[in-house]
Amino acid sequence: MQRSRVRKLRRADQGRVGTRTGAWKHAPIAAAIMAAIPRVHAETADNTGLAEVVVTAEKRTENLQDVPLSITAINTEKLGQLGITDFNDYVKFLPSVAAQSAAPGFARVFMRGVASGDNGNHSGPLPSVGTYLDEMPITTIQGALDVHIYDVERVEALAGPQGTLYGASSEAGTVRIITNKPDASGFKAGYDLQGDVVRGQGGYIVEGFANFPLSPNAAVRLVGWAEHDGGYIDNVPGTLTYPTSGICIANTNPPPPGCNSTPALAKNRYNPVDIYGGRAALKVDLNDHWSITPALMGQTTKAQGSFGEEPSIGARKVSHYYPEYSHDQWWMAALTVEGKVANLDVTYAGGYLHREDQTASDYTDYSFFYDKNRGYGTYFVDPPGSTTATPFDPSQYILGRDSYRKLSHELRVATPKEYPLRFIGGLFYERQEHYILQNYRINQLGTDESVTGWPQTIWLTDQVRVDRDYAVFGELSYDLTSKLTGTVGYRLFRYDNSIDGFFGFGTNNIYGSSTGENAATHAPDGTPGAPGSACTKPGILGGPCVDLSNDVKKDGSTPKFNLTYKFDDAHMIYATVSRGFRPGGINRRTQAPPLPSLATYAPDYLKNYEIGWKSSWMDNHLRFNGAFFWEDWQNFQFSFLGQNSFTIVRNAGAARIKGVEAELNWLPMTGLSITAGATLLDAKLTQDFCINTDANGVPLPLGSGPNDCIPQNAAPKGTPLPVTPKFKGNLTARYTFPLTGEFDGHVQGAYVYQDKSTSQLAPVWSALIGNQDAYGLFDVNAGAGNGKYSIELFVNNVFDQNAQTYRYAVCAVYVGTTPICGANPYASITPPRTFGIRFGQRF
């Protein structure tokens, strides 16, 4: 997901702070930057100070400084100034947020250190962080949509459990993207252009928006964008010789003597990305009390190549042999109805999301290292099983397809926020379906050894996963005094999740495996049934049969308690106790006796204790917010490779996360603005961790004895949680000044820093795959504008840091004490130094 290679800027018009500033709220960095210029001068000149930041984190429109919640809000102006256009751009400036991604559009998001370093399998746990686009949840089972950020009002990051108002998959926090809405007050339009260069490869962005009033009470807003990002990773020439057969493959043509050319050949800068999409929204005020806002949005992303380097080969280099790409296309329709019944505000928000992606992945690492360490290549001979037969090329690749469908409905009511006794609550329903196809192919595999109906397929995953959520929620607040407010929240939930389909080998597979078409049931005493006895139902979705069909249901609740004390309008403290949850689920394959079956896994919960503050100082020229928190993560879900390298999920451990997060905004002098944010974490296991269990499901003790936990599956008490750095922070300084005529100029520098982190929970695994080193990135820009035109030059990653954001292995397996594949890790990296220019115009 390295599309963030260019930190662009352009925001469409927002029109909240005067004509000139509003005209540039959604311009490109130059444009939005120009918005800040006159605004900063005005703020400091007339002593109005920092502008109000409006948020809807608690599903009401409120001033950020009045909300007793740890929120980072990047508004239109700031989005423009920072050149934010996608997920990787804005996550840099959210100190409490960490992410892992190996390709565009498939990021896994974490907040406040709540991460176990599990393998992120498509049949594993749901995300712990929810993502919303306006009122609609857009978190799919393997991550959230990577929405192009243009004509966006703000991005909000709500740190800590949001289990009362947002529910499932908001266990550790919630990220919200709020778009600009149609405005019947007048016509507004603009466009923004960008050109950039990264490692000699050109890129561009073309964006535009138009707001058309249709009548005094109706308007439509149209937005469109197209983007091309140049590649920056090289697929270098390489050869691979399988030890058992001596077969050699090469990604060059002609190949070296004795080798055969592979379908993908070496190529420099082989990972370009193309993105295009649009959004349309209509708002109609039916009368003084009711309005409807239907919206439609879609986006297509086509990415080539790999976005992870092979450190063993060199910086920004890989050596791969099969085509690699991801084509991700989605659209969503949403409807919001707002109105009043008596003195109650009534809101209905519903939506439907349809997402399709197709991927191709090189899997030669798996075949090579299994051959090297386990003699894998001895199975690949023709005819099968013959000791005198001719070996054939066992190299593998994966063709994948995912189809997502998400339907959500929410109906809520709220009393006026001015009342001393206030209530907000409602009903929620969500159904998300994920069709998963993973086709592991060997081009020279015989049809007889393939999965039935799938020639050259050695392994097939062809299944449907459905996750359903139902909830009743509410929060009640009461002003105990003029300064003290108490809030109680509660959410009753029920989930109903299922998986059906096929996964496994074919009937005559070369391994003689009993998985897949030869699946066998087990009697209570562990005696296996006849081959095929568990795979007799007719196949669905093209699979040969059904060897997987299970579901799990559970009810539960999540409470919240808050006390808020306001010293005055500029200073507030609050204390919160809250709980978030993540639904349980189903394991595709149970373990054979004497091990516990682990057919299902339970929900996990995060309990949060938080003390925070909101404050404004120096006549509102300095704003300082923050929170101290203590979170207990009990019985957390952990997915790992169990028997025969199948993903198993179990509730495996407990951890405690202690931390502090803070944000500062300061106007020290006319024209100069400084913003900073940081999070400091201490996230550790509170008990010994072991994946392996005895027959009763009790984790094995840590030690070196024959009945103790296998070292690579163990982590002692006090082990840091992986993925999330101990410290993450950012600092931005911006100076604006008058130029000739109507033009203002600006210069800006933005620095982000992230501490080192471990890649895996178990120290043995983390040492094998390697830690993620600390890094700092520095971006600069300078430009000018007059409220109608803007131009800006920028350099991102000025010092050309090759920062690693995610370390992983193609297959992470141990057989005994021998690591398979993990010895050749990969690392997702930030884009190299990028030069660019932006131009924008507003009408």
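None of these values were measured; they are calculated from a predicted model.

Novice: So what's going on with the packing of aromatic side chains? Which residues, and what values?
Specialist: Scanning the model with the defined rule gives 28 aromatic pairs in all. Three or more aromatic residues link up through ring pairs in this structure, and these residues are Tyr191, Tyr789, Phe839 and Phe843. Taking the ring centre of Tyr605 as reference, the NZ or CZ of Arg579 above it sits at 4.2 Å. The ring of Phe794 carries Arg838 above its face, with NZ or CZ at 3.6 Å from the centroid.

Novice: Account for the state of the cysteines, naming residues and giving values.
Specialist: Applying the stated criterion across every chain, the model contains 2 disulfides. Between the sulfur atoms of Cys248 and its disulfide mate Cys259 the distance is 1.9 Å. A torsion of 75° about the S-S bond marks the disulfide between Cys248 and Cys259 as right-handed. Of the two residues, Cys248 sits in strand S17 (residues 248-250) while Cys259 sits in strand S18 (residues 259-261), which places them 11 residues apart along the sequence. Each of the two residues, Cys248 as well as Cys259, counts as buried. A disulfide bridge connects Cys690 with Cys709, and the sulfur atoms are separated by 2.0 Å.

Novice: Give me the lowdown on the nonpolar core, citing residues and values where you can.
Specialist: Core analysis: the biggest nonpolar cluster contains 73 residues, and Tyr90 and Phe689 have the highest contact counts within it. The dominant element in this core, judged by the number of residues it contributes, is strand S38 (residues 622-641), at 5 residues. Among the nonpolar cores identified, the runner-up in size contains 41 residues, and Val55, Tyr132, Tyr363 and Ile442 belong to it.

Novice: Requested: an account of the sheet that holds strand S47 (residues 804-808), with residues and values cited.
Specialist: Across the sheet, which stays open at both edges, the 3 strands sit in the order S21-S50-S47 with antiparallel pairing between neighbours. One side of each edge strand has no neighbouring strand; the edge strands of this open sheet are strand S21 (308-309) and S47. Note that S47 and strand S50 (residues 826-829) share 4 bridges and pair antiparallel. The residue of S50 that forms the bridge with Tyr808 is Tyr826.

Novice: Give a detailed account of the environment of Thr85, specifying residues and quantitative values.
Specialist: In this fold, Thr85 is placed in the loop between helix H3 (76-82) and helix H4 (87-91). When its relative accessible area of 0% is taken as the criterion, Thr85 is described as buried. Along the primary structure Thr85 and Tyr150 are separated by 65 residues, whereas in three dimensions their C-alpha atoms are 6.5 Å apart.

Novice: Quick rundown of a nonpolar patch on the surface? Include the residues and the values.
Specialist: A cluster of nonpolar side chains, contributed by Leu421, Phe423, Leu476, Tyr478, Leu480 and Leu563, occupies part of the molecular surface with about 550 Å² of accessible area. Of all elements in the fold, only strand S28 (421-441) and strand S29 (457-479) reach the threshold of two or more residues within the nonpolar patch. With respect to the element layout, Leu563 can be found in strand S33 (residues 548-568). By relative accessible area, which is 45% here, Leu563 ends up partly exposed.

Novice: Please give an account of the side chain of Ser673 that cites residues and values.
Specialist: You can see Ser673 is positioned in strand S40 (residues 672-685). Dropping the residues within four chain positions of it, Ser673 is found in contact with Trp666, Leu667, Pro668, Thr732, Ala733 and Arg734.

Novice: Residues and numbers for the sheet that holds strand S11 (residues 173-179), please.
Specialist: Judged by pairing direction, the sheet is mixed, and its 5 strands sit side by side in the order S3-S10-S11-S6-S7 without closing on themselves. The sheet terminates laterally at strand S3 (71-75) and strand S7 (136-137), the two strands that pair on one side only. Sheet topology note: the strand S6 (residues 129-133)/S11 ladder contains 5 bridges and is parallel. If you follow Tyr132 over to S11, its bridge partner there is Arg176.

Novice: Tell me about the environment of Pro294, residues and numbers included.
Specialist: With respect to the helices and strands, the residue Pro294 is situated in strand S20 (residues 291-304). The sequence separation of Pro294 and Ala334 amounts to 40 residues, and the corresponding C-alpha distance is 5.7 Å. The residues touching Pro294, leaving out its near neighbours within four places in the chain, are Ala280, Ala281, Leu282, Ala334 and Leu335.

Novice: Quick one: what's the story with empty space enclosed by the protein, residue by residue and with numbers?
Specialist: All told, the structure shown has 13 cavities of 30 Å³ or more when counted by the stated rule. Size it by volume and the largest cavity reaches roughly 700 Å³. In this structure, the largest cavity is lined by 48 residues; those nearest its centre are Ala73, Lys78, Glu663, Asn665 and Thr675. Secondary structure elements with two or more residues in the lining of the largest cavity: helix H2 (29-45), S3, H3, strand S10 (152-159), S38, strand S39 (647-669), S40 and strand S43 (727-738). Per-element tally for the lining of the largest cavity: the top contributor is S40, with 7 residues. Residue composition of the lining of the largest cavity, by class: 25 nonpolar, 14 polar and 9 charged.

Novice: Lay out unusual backbone geometry in plain terms, naming residues and giving numbers.
Specialist: Of all residues except glycine, most have a negative phi; of all peptide bonds, most are trans. Omega for the peptide link from Asn253 to Pro254 comes to 5°, which places this bond in the cis form. When you line up the elements, Pro254 lands in the loop between S17 and S18. Phi is positive for Lys59, which is not a glycine, with a value near 65°. Even without being glycine, Asp619 reaches a positive phi, approximately 55°. Inspection of the secondary structure assignment puts Asp619 in the loop between strand S37 (604-617) and S38. Asp619 sits in the exposed class, given a relative accessible area of 63%.

Novice: Lay out the confidence of the model for the protein chain in plain terms, naming residues and giving numbers.
Specialist: Overall, the prediction assigns the protein chain a mean pLDDT of 87, with 89% of residues at 70 or greater. Within the protein chain, the element-level pLDDT minimum falls on helix H1 (residues 19-23), averaging 33, and the maximum on strand S14 (residues 218-229), averaging 98. In the model, residues 1-46 has pLDDT below 50 throughout and makes 265 contacts with residues more than four positions away in sequence or in other chains.

Novice: Can you explain the pattern of salt bridges? Please cite residues and give values.
Specialist: Applying the stated rule across the entire model yields 36 salt bridges. The salt bridge involving Lys92 is made with Asp779; its shortest N-O contact spans 3.1 Å. With Lys92 in the loop between H4 and strand S4 (97-100) and Asp779 in strand S45 (residues 775-785), the pair connects residues that are 687 residues apart, well separated along the chain. No difference in accessibility class separates Lys92 from Asp779, as the two residues are buried. Put simply, Glu610 and Arg112 hold a salt bridge, and the shortest N to O gap is 3.1 Å. Remark: Arg112 occurs in the loop between strand S5 (108-111) and S6 and Glu610 occurs in strand S37; sequence separation between them is 498 residues. Using a relative accessible area of 4% as the deciding quantity, one classes Glu610 as buried. In the salt-bridge network here, residues are joined through shared partners; they are Lys59, Glu135, Glu410 and Arg412.

Novice: Go over the pairing of S43 with me, naming the residues and quoting the values.
Specialist: Alignment of S40 against S43, held across 9 bridges, turns out to be antiparallel. Residue pairing in the sheet places Ile674 in a bridge with Ala733 of S43. When S43 meets strand S44 (residues 744-754), the two strands line up antiparallel, connected through 11 bridges. In the sheet register, Phe737 faces S44, and the bridge partner there is Gly745. In sequence, S43 turns back onto S44 through a hairpin of 5 residues, with Gly741 there showing a positive phi of about 65°.

Thresholds applied
Residues numbered from 1 in each chain as written. Predicted model: local features only at pLDDT ≥ 70, side-chain atom pairs only at ≥ 80, totals over all residues. Heavy atoms only, no water. Phe/Tyr/Trp six-rings, centres within 6.5 Å; stacked < 30°, edge-to-face > 60°. Lys NZ or Arg CZ within 6 Å of the ring centre and 35° of its normal. Disulfide = S-S within 2.5 Å. Helix = DSSP H or I, 4+ residues; strand = E, 2+ residues; numbered from the N terminus. Buried < 20%, exposed > 50% of the residue type's maximum accessible area, 1.4 Å probe, protein only. Core = buried A, V, L, I, M, F, W, Y, C linked by side-chain atoms within 4.5 Å. Pairing = 2+ DSSP bridges. Patch = residues over 30% accessible without salt bridge, like charges linked within 9 Å, V, L, I, M, F, W, Y side chains within 5 Å. Areas by Shrake-Rupley, 256 points an atom, 1.4 Å probe, with all protein chains shown as cover. Salt bridge = Lys/Arg side-chain N within 4 Å of Asp/Glu carboxyl O. Contact = heavy atoms within 4.5 Å. 1 Å grid on protein atoms, 1.4 Å probe; cavity = no way out; pocket = protein on both sides within 12 Å on 5 of 7 lines; lining within 4 Å. Points joined across faces, edges and corners; volume = space filled by probe spheres on them. Nonpolar A, V, L, I, M, F, W, Y, C, P; charged D, E, K, R; others polar. pLDDT = per-residue confidence, 0-100.

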